[in-house]
Amino acid sequence: MKQTILWGIVGATMLVSSCQTHYQLTGIQRTRILVDSRYDAHPDAKAVAFVAPYRQQVDSIMSPVIGTIDHYMAARRPESDLSNLLADILVWGAKAYDERPDFGVYNIGGIRAAFAKGAVTYGDVLAVAPFENKISFLTLNGEQVLQLFGEMARNGGEGVSHGVRIVIGRDGNLQSASLHGQPVDPQRRYRVVTLDYLAQGNDGLTAFKEKADFVSPQDEQNNVRYIIIKYFRAQAAAGQTVNARVEGRITKK
């Protein structure tokens, strides 16, 4: 009996070992798929009838075009056109709050969709920025800024505004950093615009916990998605197509 039990344990161990895999996850990509007649050639009539009363109301909110974009934009690390754009929009939006930030930060993890080339709707912005994040302003000293940039480096990169230059070394640590062509001064105070979620020190950006002079208006109109919408509308009113490029804000060596 004991021998039978022993061989049973050995067999179970070998079975578990044989099920183990040497594959490792190296990356995740996501996109939106339009579910139309190609995927639903024979829609359920009852389901269509159920959805119909709500479709017009939803479409009336989500479908209005707010602007146009130059090319397909998606977020990726260490730097991407979309993360650059959103960080720049935060800096642009600061003017309405009488703020002049030295730089902006938008987390890659908070960007949940891509913008397709052409017309951009309210629904497109909602897909890209679905959370209730509010624009926030805070002050860090130079040492805290370097800590922040080091944490971004360890994350593999985040969205930063124009003028930021971060170099990530082969070990994943911060190799160098500058702001608007100047080294970060450890004794200087820097004004930062970001999301309230990040200002709390989330996504590994714990340097934000040492913030001073914190301003974070929590009314709904201060939601980041509305600031993005205002930017697109302002560009459209000026006859401009929204554009952004990768420009070496964050690089790896």
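The structure we're discussing is the one just above.
Description of the structure in this document. In this text, all values refer to a predicted model and were calculated from it rather than measured experimentally. (Residues numbered from 1 in each chain as written. Predicted model: local features only at pLDDT ≥ 70, side-chain atom pairs only at ≥ 80, totals over all residues. Heavy atoms only, no water.)

A look at a nonpolar patch on the surface
Right, so step 1: A surface patch of nonpolar side chains, amounting to about 400 Å² of accessible area, comprises Phe50, Val51, Tyr54 and Val58.
Right, so step 2: Along the polypeptide, Phe50 turns up in helix α2 (residues 45-62).
Right, so step 3: Owing to a relative accessible area of 58%, Phe50 belongs among the exposed residues under this scheme. (Patch = residues over 30% accessible without salt bridge, like charges linked within 9 Å, V, L, I, M, F, W, Y side chains within 5 Å. Areas by Shrake-Rupley, 256 points an atom, 1.4 Å probe, with all protein chains shown as cover. Salt bridge = Lys/Arg side-chain N within 4 Å of Asp/Glu carboxyl O. Helix = DSSP H or I, 4+ residues; strand = E, 2+ residues; numbered from the N terminus. Buried < 20%, exposed > 50% of the residue type's maximum accessible area, 1.4 Å probe, protein only.)

Notes on the packing of aromatic side chains
Right, so step 1: In the structure shown here, the tally under the stated rule is five aromatic pairs.
Right, so step 2: Each ring, one from Trp92 and one from Tyr231, has its centre 5.2 Å from the other, and the planes form 85 degrees; the classification is edge-to-face. Remark: Tyr231 occurs in helix α7 (residues 224-237) and Trp92 occurs in helix α3 (residues 81-93); sequence separation between them is 139 residues.
Right, so step 3: Judged by relative accessible area, Trp92 falls into the partly exposed class, the value being 27%. (Phe/Tyr/Trp six-rings, centres within 6.5 Å; stacked < 30°, edge-to-face > 60°.)

Here's the deal with the nonpolar core
Right, so step 1: Of all hydrophobic cores here, the largest spans 32 residues; its most connected members are Ile69, Leu85, Leu86, Tyr106, Phe115, Ile228 and Phe232.
Right, so step 2: Looking at this core, the element that brings in the most residues is α7, giving seven residues.
Right, so step 3: Ile69 has contacts with Leu85, Phe115, Ala116, Lys117, Gly118, Val120, Phe232, Thr241 and Val242, leaving out every residue within four places of it along the chain. (Core = buried A, V, L, I, M, F, W, Y, C linked by side-chain atoms within 4.5 Å. Contact = heavy atoms within 4.5 Å.)

Concerning α7
Right, so step 1: In a regular helix each residue adds 1.5 Å, so 14 residues correspond to 20 Å; α7 covers 20 Å between its end C-alpha atoms and thus fits that length.
Right, so step 2: Among all positions of α7, only Val224, Arg225, Tyr226, Ile227, Ile228, Ile229, Tyr231 and Phe232 are buried.
Right, so step 3: Of the residues flanking the start of α7, the one acting as N-cap is Asn223, its side-chain oxygen 2.9 Å from the backbone nitrogen of Arg225.
Right, so step 4: Where α7 ends, the next residue or the one after it, Gly239, has phi of about 75 degrees, a positive value. (Expected span 1.5 Å × (residues − 1). Polar contact = N/O pair within 3.5 Å; in protein donor to acceptor, adjacent residues only side chain to side chain.)

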